[in-house]
Each structure stands twice: as C-alpha cells, then as structure tokens.
Amino acid sequence: MAGLSYKNKYERYSLTNYKIRYFKRYDVAEDLKKALKTYFGFSKFKVGQEEIVNHLLKRNNLLAVMPTGSGKSLCYQLPALLLNGRTIIVSPLIALMDDQVAYLQSLKLPADKIHSNRTYGENASVWRCFMDGSTKILYISPERLMTRKMLEALGNLPIEMFVVDEAHCISKWGASFRPEYERLSEIQEMFPDAFLSAFTATADNATRQDIVQKLMAGRGRVVLQGFDRPNLSLSVILKNNWKRQLLEVLDGRRDVSGIIYTLSRKDTEIVSDFLNNKGFTTLPYHAGQEGEVRTSSQDRFMTEPGLIMVATIAFGMGIDKPDIRFVVHTSLPGSMEAFYQEIGRAGRDDHAADTILLYGLDDLVKRRRMIEQGAGDDGHKFRENKRLDALLAYCEASGCRKKALLSYFGEETDKCGNCDNCIDPPELFDGTVEAQILLSAITRTGEYFGRVHVVDVILGSSTDKVRKRNHDKLPIFGKGQEQSKEFWMALIRQLFASGDLYIDLVRHGALRITESGRKILSGEKTFRCKKIIAPKSKKRKTETFVPSNHTDLNQDLFNQLKQLRLSLAQEKKVPAFVIFSDRTLIEMAEKKPKTLPDLLLINGVGDKKLDQYGRIFLGSILEHLSQQDSEFIT
Ligand code: ADP
Ligand code: MG
Ligand code: ZN
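Residues numbered from 1 in each chain as written. Chains lettered and ligands numbered in written order. Predicted model: local features only at pLDDT ≥ 70, side-chain atom pairs only at ≥ 80, totals over all residues. Heavy atoms only, no water.

**Thoughts on the sheet that holds strand β13 (residues 353–359)**
Using the following cut-off: Strand pairing is assigned whenever DSSP detects at least two bridges linking the two strands. Secondary structure elements are taken from DSSP: a helix is a run of H or I of four residues or more, a strand is a run of E of two residues or more, and numbering for both begins at the N terminus. Interaxial angles span 0 to 180 degrees and are taken between N-to-C directions of axes, which are lines fitted to C-alpha atoms, for helices over the stretch in contact.
Read across the sheet, 6 strands follow the order β8-β13-β12-β9-β11-β10 without closing on themselves; strand pairing throughout is parallel. The strands lining the two open edges of the sheet, one partner per strand, are β8 (232–238) and β10 (282–285). Strand-to-strand twist across the sheet, computed as the mean angle between neighbouring axes with direction ignored, equals 15 degrees. Examined bridge by bridge, strand β12 (residues 324–329) and β13 share 4 bridges and lie parallel to one another. Its bridge partner lying in β13, Phe 326 is registered against Asp 354.

Here you go:
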C-alpha cells in the first residue's frame, strides 16, 4: 500500500518529467514546490534548501554547510525521491537513522535502514526491497557500507547518489573525527557513475576543504549557508553559585521546554534533583542510562510541555523539537563547534529562544584535563585546546557575542542587539598595571602555582603555603591589596581569554605566561580590561578577624591590648589600626615580649611606634603576665 501511494506521486514528479522541464527552464521552481508539498507537506523551502536541491538534481558533487535546524535532511531526501536511481545515505548514529527513517516512513516514502541494531532477518528483507527498487532510499552506517560484501552487492545496482550526513566526522580537523568515516573516500572511485553530497553544520574552512578533498577528490562545490540564528539570544554568566544562578535563569520558564547541559553524568542527576525539589519538571539524561530509560525520557521530552532535560552531550543529536525555548550550559562546553550545535537545538520554530552559558575557571581546568587525558595524538590535542581557547574568548568577549561566535565560523555580521554585551555593554579600562602585578607574581613564584596561591601572594595572605615557600618575602607580596580577590580572579580569566596566560597541565594546572603576556609585563603592550564588577577589597574586615590557627594566642591578653588600643585611638582621635594592626596585636599576645628590644622584633613595631606606644603596650603585657604568675602561685 505504502509503495503504491508513493509510486503514484513519484511518477508525477519523476526525473524524466523534471529533467525535461528543467532544461527547458520553465516552471521548475513550481514543480519543485509541488513535490515539496506532496511528499513532505511543506508549502515553502527553508532558506538555502532550494538551491541545494537544484544542485543535486543536476548531479553536482556538493558539500553543504548549514546551521543546525536549517533542514539539511530535506535537501537530500527530496532529490533522492526525484532522481531515477537509488540513494545511499551514510549517517554516524543509529538513533539519527532511526528517527529519519521513521519520519520518512510515516510520510509513506520508500526509505529504510540497515544497521547493527537490527536482526539479520530485518536487514535481509530491507535489502531485498532495495534490490527490487521498492525501497529507494537506504540509510546505512559507515561500517556496514564499507564491507566488501556490501560494496560488491551495491555495484550491481543503479546507485545514483551517495549522501554523507554529519560529514565533519570524516575530518581529522573536525571536532568529532570518526575513523570509520575515513574509508568513505573510497566511494568515488568504486562508483564512478554516482555523485556525492555531504552535509554538516559545523566545519571551519580547513575542515570544509578536507571533506571535499577526501570525499570528492577536491571536485565538489561548497555551499555555505549563514550560521546566524537571529532568533537566539546569547548570554554568558560568570558562575559563582550555580544553584542560585540557575534558579534566576529559570525564573519564569516553568512552562516551556528547555535543555540544561552539564559536564558529567553525575551532574545531570544532581542538577535534575535540585530543580525537581524546586518545583520544576526535569529529567536527567546521559549515556550511562539504560536504553529504555533514555527512550522514555526522550519521548516525554518530545510530547510533554514544560519539561526540562538535564543532560550530557549524549542528548540532542537528531532531537528535532521545534519549540525548545532555552538551552542552558552549567559549565563550559568542549569547543565552539559543540557549543554552537548545542545551542542550535533551541528555537527551531524561529521564535525567540535564549541561550545562557554559566562558566567558571574550574570548568576550563576540567576541560583541559579531559583533552589531555583523552584519545588522540599531540596534534589532535593541540587543536582541541585551540577550540577551547576560542570558546573562552567568546565567554570573555567584551563586544557583541554574536559577532564573536560567527567570526569563529568565518562569518562577519553587525552587532546583534540581542546579546548581554549588546544590551548592557561592559565598561573597559586600562588594566595594564594590574595585569603587570599579576603577571609578575606569577613570574616571581616560578610559574609553578595555580591561581589560588598566586592571588594569596598578591593579596598578602600569609597562608601556610605562602610562608613555607617564603613567598611573603617577595617584593610583590601584598602588592594587590587595593583590589578584591574576585577582581584578581576575573583578571586571570580575562588574561586567559586574551591569550596572555595559559594553564600548564603538566604542572598540575600552574599558571604560565605566554609570549604576548610577557609583552605586558615588559611594558611593550597595554591590556584593555573589562570592568570587573566585584565587591571592593574586603581587607578592612581582617581588622577584627582572629585567625584560629594562632594556637599560642592568649585571647585575654589580645582583648586587653585591643582595649588599650581603643582608648589610645579615642584619645588621639585616630582609627584604631593606625596605632597597631590586629596582626601586630596578635603577635604581641602570642610572643609576650618582656623588654622593649623584644617588642621591636614584633611585626608592625618600628622605631617610631616603639617610641610612641612601646612603653604603654609593654606595660600592659607585663601587667598581664604578673597577674598570671600570681594566679599560678595561689
Ligand atoms: P538539520 O539536519 O539541518 O539540523 P533537519 O533536517 O533535522 O535539520 O530539519 C529541522 C526541522 O526542519 C525538521 O523538523 C524538519 O521537518 C523541518 N523542515 C525541513 N524543511 C522544512 C520546510 N521546507 N518547511 C518547514 N519545515 C521544514
Ligand atoms: Mg541533520
Ligand atoms: Zn550582540
């Protein structure tokens, strides 16, 4: 039945008809539109589709690079239906094949699939239908296709077009190289009568050339369709409290569909539980779950309104839900390409949708580690790191994010007016001096430490680690007290993003300075910095802060000395810390000096202070000691 109804339609739009009209150049467009309507029910092409369909009907080798959601499948499915011969479609994921074939079969179109998840009997019967022509479009995995038996069998059939979907998988330059894709380059020689088309959403220039070279021996045209998705808004939030921030982001989004991407499987559960407790409806999704669980989650996501999927990157390929209103990342994605693909799942219905990326430096370190420990040779790792750098630059961009995103894919655009930076542009200032303080702290500590220690040194925090390494003796120690810890952490991020710093994983995440960073240090280069909106230095607070690790501290004596300081300050009408700092008083209460020369050894007691206050503080200490002695005697 299905075959019949298809055949009737097909004959009306068969290529013979089509070709004659095409070359007579009349009404072709009208015919194509009719075919689109008849087969798929759509009344017009999406941007770029018609051009590609026309190329394929002329049997041109072609690589089409089009954004996610732009309707690439239809670009080859429609010609596959209109061409006389048969079409083989190679796709990297079984789930993708299943979805597409189910869709085509629901439209009663003659498509089927052969892959390893089907029984021998199923695959055999599909093959019979493909042989006799009642199935015209065959989806197949690259492994299956490239077996000798399959290739020989295909050699006897009128195969007209090969389609390679997700073609970036063929390229080592690409973000997701699949070794089994590489052999697809043999097709062109084995099937000289067929032509090839390849589709991908993500391919920079090098990847594009690589694909055309491998699949089409360099003879293929490339059709690029803009990467811009004007209905997607872009924003980036610095992560400091994911729970609070996530709730803020999701405020008012209870009734719409969305995806939240997390870094790890465990995180999907944690975030999902947290949100469910807050009254959202969410499901975790990751590759470690049973197939059944995943399928049922997917089904719910596709059908239930207001459901949020909390997922690893395992979720999304082939997900074709038009009304996903937001995509949130709770940590840094793996690359610009991955990020683009993932946000691309939002707003396919062309209505406004939001993308929000929460990121912190911890994520960056984790990502670097994943690359370092992952598969691939040094060249691969180097490229992966570069991709990550590009994403970081996006995160720290001070200009329009759309511009930053598209320029990565080689596309220029005007300000979008729809991203956080366009709506609320960050202020810029000359941060050269601050950058120099930071960089010199890194140099002085041997480029050997992570950011926490470096910032401790700049802020003059006398931690165990600082004292052990004698870093409190460095001239740079405490030179950054004017600014807060948050300020320095933000500056480090910006210096990463601008390529002036990098993380050395061999040295366990030590901060290291690049060539261009050294130029800032030497004054050859200035550093324009995004205004860092962070609480001002909290240094003052330490005036009343008593560190708990001062075991020798005599709390009574300390209080007594503070009391003395207070009365002196009131008398002289000066702030208390002008007389002695807390630190100095703590040290007095610890060491309990008994003479003026002893008192002079205390940090913060110089000749002048000794002259002014020495006797009076010494008196207080001795008084305290004599009281203790007498207590001891009685
Ligand atoms: P891509 O592979 O480029 O990410 P898909 O091929 O999965 O995109 O198509 C995305 C969505 O657009 C699908 O829901 C598809 O049915 C729909 N679509 C494709 N072409 C048209 C069209 N001409 N009119 C309306 N919807 C279309
Ligand atoms: Mg696709
Ligand atoms: Zn913008």
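Still more ground to cover, so stick around.
**Points about helix α19 (residues 401–408)**
Side chains three or four residues apart in an α-helix point the same way, a direct result of the helix having 3.6 residues per turn. Counted only if it meets this: Throughout, exposure labels follow a simple rule: accessible area from a 1.4 Å probe, protein chains only, divided by the maximum for the residue type, with under 20% read as buried, over 50% as exposed, and the rest as partly exposed. The reported arc concerns the directions from the helix axis to the C-beta atoms and nothing else. Contact criterion: two residues are considered in contact whenever any of their non-hydrogen atoms come within 4.5 Å of each other.
Taken residue by residue, α19 has Arg 401, Lys 402, Leu 405 and Leu 406 as its buried positions. The buried residues of α19 occupy an angular sector of 120 degrees when the element is viewed end-on, so they sit on one face. Buried residues along α19 sit against β8, α16 (336–343), α18 (378–396) and α20 (420–423).

**A word on the coordination of the zinc ion (ligand 3)**
Operational definition: Distances decide who is a donor: an N, O or S atom must be within 2.8 Å of the metal, or within 3.2 Å for Na, K and Ca. Water is not included, so sites may look incomplete. Key to geometry: four donors with every angle between 85 and 135 degrees are tetrahedral; four donors are square planar and six octahedral where opposite donors lie over 155 degrees apart and all remaining angles lie between 65 and 115; all other sites are irregular.
Protein-derived ligands of the zinc ion (ligand 3) are Cys 400 (SG), Cys 416 (SG), Cys 419 (SG) and Cys 422 (SG), with the metal-ligand distances lying across 2.3 to 2.4 Å. Classification of the site at the zinc ion (ligand 3) as tetrahedral follows from its 4 donor atoms and the range of 103 to 120 degrees in their angles at the metal. On the basis of relative accessible area, Cys 416 is assigned to the partly exposed category, the value being 27%. Relative accessible area serves as the criterion here: at 0%, Cys 419 is assigned to the buried category.

**A short note on the packing of helix α13 (residues 242–250) against helix α14 (residues 265–277)**
Cut-off, in case you're wondering: Here the word oblique covers every angle except those under 35 degrees (roughly parallel), over 145 (roughly antiparallel) and from 65 to 115 (roughly perpendicular). By definition, turning the near helix anticlockwise from the far helix through less than a right angle yields a left-handed crossing, and turning it clockwise yields a right-handed one. Classification used: nonpolar for Ala, Val, Leu, Ile, Met, Phe, Trp, Tyr, Cys and Pro, charged for Asp, Glu, Lys and Arg, polar for all others including Gly.
One can describe the packing of α13 onto α14 by two numbers: an axis separation of 11 Å at closest approach and a directional angle of 60 degrees. One element, α13, and the other, α14, form an angle in the oblique class. Helix-helix and strand crossings are classified by hand; for α13 and α14 the assignment is right-handed. Contacts between α13 and α14 involve Trp 242, Lys 243, Leu 246, Leu 247 and Leu 250 from the former and Ile 270, Val 271, Phe 274 and Leu 275 from the latter. For the contact of α13 with α14, the per-class residue count stands at 8 nonpolar, no polar and 1 charged.

**Let's talk about the side chain of Glu 396**
Short version of the rule: Polar contacts, as counted here, are pairs of nitrogen or oxygen atoms within 3.5 Å of one another; within protein the pair requires one atom able to donate a hydrogen and one able to accept it, and residues that are adjacent in sequence qualify only if both atoms are side-chain atoms.
The topology assignment puts Glu 396 in helix α18. Classification of Glu 396 as buried rests on a relative accessible area of 12%. At 2.2 Å, the side chain of Glu 396 and the side chain of Tyr 359 are in polar contact. Once you skip the residues sitting within four places of it in the chain, Glu 396 turns out to touch Tyr 359, Arg 401, Arg 493, Gln 494, Ala 497 and Lys 530.

**Here's the deal with the site of ligand 1**
Put simply, the rule reads: When at least one non-hydrogen atom of a residue lies within 4 Å of a molecule or strand, that residue is treated as near it. Only the protein chains shown count as cover for residues, and the accessible areas themselves come from Shrake-Rupley with a 1.4 Å probe.
Looking at ligand 1, there are 16 residues lining it, with Lys 44, Gly 69, Lys 72, Ser 73 and Asp 320 nearest. A distance of 2.9 Å is found between a nitrogen atom of ligand 1 and a side-chain nitrogen or oxygen belonging to Gln 49. One of the side-chain nitrogen or oxygen atoms of Ser 73 is found 2.5 Å away from an oxygen atom of ligand 1. For ligand 1, whose free accessible area comes to 570 Å², the fraction covered by protein is 79%. Ranked by residues supplied to the shell around ligand 1, first place goes to helix α5 (residues 72–82) with 3 residues. Broken down by class, the residue content of the shell around ligand 1 amounts to 5 nonpolar, 6 polar and 5 charged.

**Focus on the sheet that holds strand β1 (residues 62–65)**
A sheet is described by the order of its strands in space; here 7 strands give the open sequence β3-β4-β2-β5-β6-β1-β7, paired in parallel fashion. Of all the strands in the sheet, the pair left with one neighbour each is β3 (111–114) and β7 (221–224). Within the sheet, the average angular offset between the axes of one strand and its neighbour, ignoring direction, is 20 degrees. Both β1 and strand β6 (residues 195–200) contribute to a ladder of 4 bridges, which runs parallel.

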